[in-house]
Amino acid sequence: MQIKLDLDTTPFNIDFTLRCGQVFRWQKEFNTWRGIINESLIEITQRHNNLTFDLYPTTKPTVIQRYFRLDDDLPCIIHSINKDSNIGKALTQLQGLRLIRQDPWECVISFICATFANIPRIKSMIYNLCRAFGHRITNKRYTDYLFPSPRKLASASISQLLACNLGYRARYVKAAAEHILKGKICLQHLQSIPYPEAKQELPHIEGVGQKVADCILLFSLDKLNAFPVDRWIHRILVTQYQRFLSTKHVDQRSLTPRRYKELSAFGQSYFGDYAGYAQEYLYAYHLTLPVTTGSPVP
DNA sequence: GGTCAACCTCTAGA
DNA sequence: ATCTAGAGGTTGA
């Protein structure tokens, strides 16, 4: 199956999108990306404006549109967040980068695991979890594993989770699975309520603080105004946006809860309704270019 | 209310 | 080869 995109109205770059640290389960072999959407294996290749894909077992092609948020009006979003030359560079260099709409449960576990780790390490942890606990799925060409269910991870032993190299995250993963299983929180419900209320609910899950909550809200629960602040965004804000911040923020030491709240709120008010897109462009730009301590942006 | 170390272990670069 | 610093933070004292 294939989809023809009009790149003027629907810019899309699958490499930027899948490499920018918002999702950890995709692998590229030659020109083809392999991953899983809605419990189906998917292989997808982009050549300019042409998306070719296979799904197994069969699923409607509309899942592609939904997962990659191809219905977001990206040119309009870019226009709205293009506030200065600093983000402007990121927007220019990373044309076609999109946020995706991933499975909330997978997103919760992924970002619990993402604490105090780098991207290769996160990918490895997630893959280990899937291989150890996920349902095996095979098409004619290769095998992969579904993301394990809450029930599966809740019944895993700590030592089994440690064997996946989760380290101190093992108990958080187990507790989060139990939390979901007991129905203490309904992730689907969070999709339909406003950002502030959804943001309050998530930290009830052990291992989920403000930053992880914002990532979950942005990458899986349609809260495009969420503005996660990690070490890198923190550094970018205090070096490139210092003139917008009160002097007490211009401090590169640890990101305290209070500073987090203030910096995230700044990002939301400065970039607006699509602040999350701005955050992702800034973050992805740092992956390609190291953050300089150069002059602030006008 | 705020600060501070501890947490697992992997990865990149010296 | 071997070592060190740092990694998409959170928790509990």
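Above this text you will find the structure in question.
All values reported here derive from a predicted model rather than from experimental measurement. (Residues numbered from 1 in each chain as written. Chains lettered and ligands numbered in written order. Predicted model: local features only at pLDDT ≥ 70, side-chain atom pairs only at ≥ 80, totals over all residues. Heavy atoms only, no water.)

Caption draft 1: Representation of the protein's contact with DNA strand C in the model. Near DNA strand C lie 26 residues; those nearest to it are Gly-21, Asn-118, Asp-230, Arg-231 and Gln-279. Within 4 Å of the protein, atoms of DNA strand C come from sugar and phosphate in 59% of cases. Take Cys-20: an N or O atom from its main chain is 3.2 Å from a base oxygen of DNA strand C. Between DNA strand C and Trp-232 there is a distance of 3.3 Å, counted from a phosphate oxygen to a side-chain nitrogen or oxygen. Listing elements by their share of the surface near DNA strand C, those giving two or more residues are α12 (210–220), α13 (231–240) and α15 (275–288). At four residues, α12 tops the list of elements feeding residues into the surface near DNA strand C. For the surface near DNA strand C, the per-class residue count stands at twelve nonpolar, eight polar and six charged. (Near = heavy atom within 4 Å. Polar contact = N/O pair within 3.5 Å; in protein donor to acceptor, adjacent residues only side chain to side chain. Helix = DSSP H or I, 4+ residues; strand = E, 2+ residues; numbered from the N terminus. Nonpolar A, V, L, I, M, F, W, Y, C, P; charged D, E, K, R; others polar.)

Caption draft 2: Main features of the nonpolar core. With 78 residues, the main nonpolar core has Leu-202 and Phe-271 as its most contacted residues. Top contributing element to this core by residue count: α15, with eight residues. Counting 20 residues, the second largest nonpolar core, distinct from the first, contains Ile-3, Leu-5, Leu-55 and Leu-70. (Core = buried A, V, L, I, M, F, W, Y, C linked by side-chain atoms within 4.5 Å. Buried < 20%, exposed > 50% of the residue type's maximum accessible area, 1.4 Å probe, protein only.)

Caption draft 3: Inspection of helix α6 (residues 119–133) at higher detail. Taking 1.5 Å as the rise per residue, α6 with 15 residues should run 21 Å; its terminal C-alpha atoms sit 21 Å apart, in good agreement. Among all positions in α6, only Ile-119, Ile-122, Met-125, Ile-126, Asn-128, Leu-129, Cys-130 and Phe-133 are buried. Contacts from the buried residues of α6 go to α5 (104–113), β7 (143–145), α7 (150–154), α8 (158–162) and α15. (Expected span 1.5 Å × (residues − 1). Contact = heavy atoms within 4.5 Å.)

Caption draft 4: Representation of the protein's contact with DNA strand B within the structure. Taken together, Phe-116, Asn-118, Pro-120, Arg-121, Asn-165, Gly-167, Tyr-168, Arg-169, Thr-256 and Arg-258 are the residues near DNA strand B. Restricting the count to atoms of DNA strand B within 4 Å of the protein gives a sugar and phosphate share of 71%. Between Arg-169 and DNA strand B, the recorded distance is 3.0 Å, taken from a side-chain N or O atom to a base oxygen. Among the residues making up the surface near DNA strand B, the classes are represented as three nonpolar, four polar and three charged.

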